[in-house]
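# Reading the structure
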Amino acid sequence: MEVRRAVKGRYAKIAASSASDCCAGEGCADKSVPISLGEAVPVEASSASAGCGSPLLLIAPREGDVVVDLGSGGGIDVFRASGMVGKNGRVLGVDATPEMIWRARETKAKYGRKYANAEFRLGEIEHLPIESSTVDYVISNCVINLSPDKPAVFSESFRVLKEGGTLAVADVTLPSEIPEGARKDMDSWSACIAGAVTDSDYKKLLKRAGFKDIQVEHVSDSNIGKYLFRYHSSHIKATKPTAGPLRPR
Ligand SMILES: C[S@@+](CC[C@H](N)C(=O)[O-])C[C@H]1O[C@@H](n2cnc3c(N)ncnc32)[C@H](O)[C@@H]1O
């Protein structure tokens, strides 16, 4: 409860401001990693952007695909994916902070029909408000580290993906365990640091949820001033296995 309250409090404030920062003060996740894919996105979404990489660099959604963005915030990756999947596709952003959902819906409304295939749903990524086996890609940008129940996030992602579907994530990972004191620091948790897990734990959790072909790639390495430990901004990819032969994509 304490984690969820701290996280929602921080992101409600960010939703109400024009600052594009996941973090404030000491103990911030690295913001220098590549996030641009070159598409124009609404300025209202990029100014609320709080990611730590770009999950869409890892995949190539096509016309008609269904994409879900876990922790969609101001909607930057939802709006990016919207153009990729076209009018026959859908992009669903899920976020637990009402102020973020309102902001993203307001942005969508400003652009008329341009983002008609995009939808923002209030909900927790540990209990996705989405039907099983209906999604081609689950993406997420600097959010899963914030969850106090990562096994639930991965099992929900697995549930909503179609067979052969892909999970593509930008997130913070750690080279080694961090001090217990740091884990209890709610400012550091909501700044995308103290809730992060090691690369090997990330892989284990994904495997336990049923994923295969799990890859974790470091995009950048940084140090945190407050606790003096290192962390990575990482790109993570995994696949939901198929029961039969893989359908062509
Ligand atoms: C660091 S921001 C990233 C936002 C967005 N992905 C981006 O790249 O700009 C984290 C977002 O995840 C949301 N969030 C954090 N924990 C969540 C959870 N358990 N369920 C749903 N949303 C969550 C926050 O409300 C916030 O909007």
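Residues numbered from 1 in each chain as written. Predicted model: local features only at pLDDT ≥ 70, side-chain atom pairs only at ≥ 80, totals over all residues. Heavy atoms only, no water.

### Let's talk about the overall build of the chain
Secondary structure assignment for the chain yields eight helices and eight strands. Evaluated residue by residue, the chain yields a buried proportion of 55% over its 249 residues. A separation threshold of at least 6 residues defines the contact pool for the chain, and within that pool the share at least 24 residues apart is 75%. Only carbon and sulfur atoms are counted for the fraction: they give 53% of the accessible area of the chain, which is about 10700 Å². (Helix = DSSP H or I, 4+ residues; strand = E, 2+ residues; numbered from the N terminus. Buried < 20%, exposed > 50% of the residue type's maximum accessible area, 1.4 Å probe, protein only. Contact = heavy atoms within 4.5 Å. Areas by Shrake-Rupley, 256 points an atom, 1.4 Å probe, with all protein chains shown as cover.)

### Comments concerning the environment of V94
Relative to the helices and strands, V94 resides in strand 2 (residues 90-95). For V94, a relative accessible area of 0% corresponds to the buried category. Separated by 25 residues in the primary sequence, V94 and E119 have C-alpha atoms spaced 8.6 Å apart. Residues contacting V94, with those up to four places away along its chain left out, are V68, D69, L70, G71, S72, R121, G123, E124, I125, L128, P129 and I130.

### With respect to the pattern of salt bridges
Under the defined criterion, the tally for this structure stands at twelve salt bridges. Of the charged contacts, one joins E124 and R4 as a salt bridge, the two residues approaching to 3.7 Å between their closest N and O atoms. Placement of E124 in the loop between strand 3 (118-122) and strand 4 (135-141) and of R4 in helix 1 (residues 2-16) is noted, with a sequence separation of 120 residues between them. E124 gets classed as partly exposed once you look at its relative accessible area, which sits at 23%. (Salt bridge = Lys/Arg side-chain N within 4 Å of Asp/Glu carboxyl O.)

### Structural notes on the packing of aromatic side chains
Overall, the coordinates contain five aromatic pairs when judged by the stated rule. Relative to F120, the ring of F79 has its centre 5.5 Å away and its plane inclined at 55°; by these criteria the two rings are tilted. On the criterion of sequence distance, the pair formed by F79 in helix 3 (residues 76-85) and F120 in strand 3 is long-range, its members being 41 residues apart. The two residues F79 and F120 agree in class, both being buried. An aromatic cluster is built from F79, Y111, Y115 and F120, whose rings are joined through pairwise contacts. The aromatic ring of F158 is capped on one face by K240, whose charged end is 4.7 Å from the ring centroid. (Phe/Tyr/Trp six-rings, centres within 6.5 Å; stacked < 30°, edge-to-face > 60°. Lys NZ or Arg CZ within 6 Å of the ring centre and 35° of its normal.)

### Considering unusual backbone geometry
Positive phi values are uncommon outside glycine, yet S133 reaches one of about 55°. With respect to the secondary-structure elements, S133 resides in the loop between strand 3 and strand 4. The backbone of D213 shows a phi angle near 50°, a positive value even though the residue is not glycine. Assignment of secondary structure puts D213 in strand 7 (residues 212-223).

### Regarding the confidence of the model for the chain
Confidence along the chain averages 88 in pLDDT terms, with 87% of residues attaining 70 or more. pLDDT under 50 marks residues 23-29. Its contacts with residues more than four places away, or in other chains, come to 18 contacts. (pLDDT = per-residue confidence, 0-100.)

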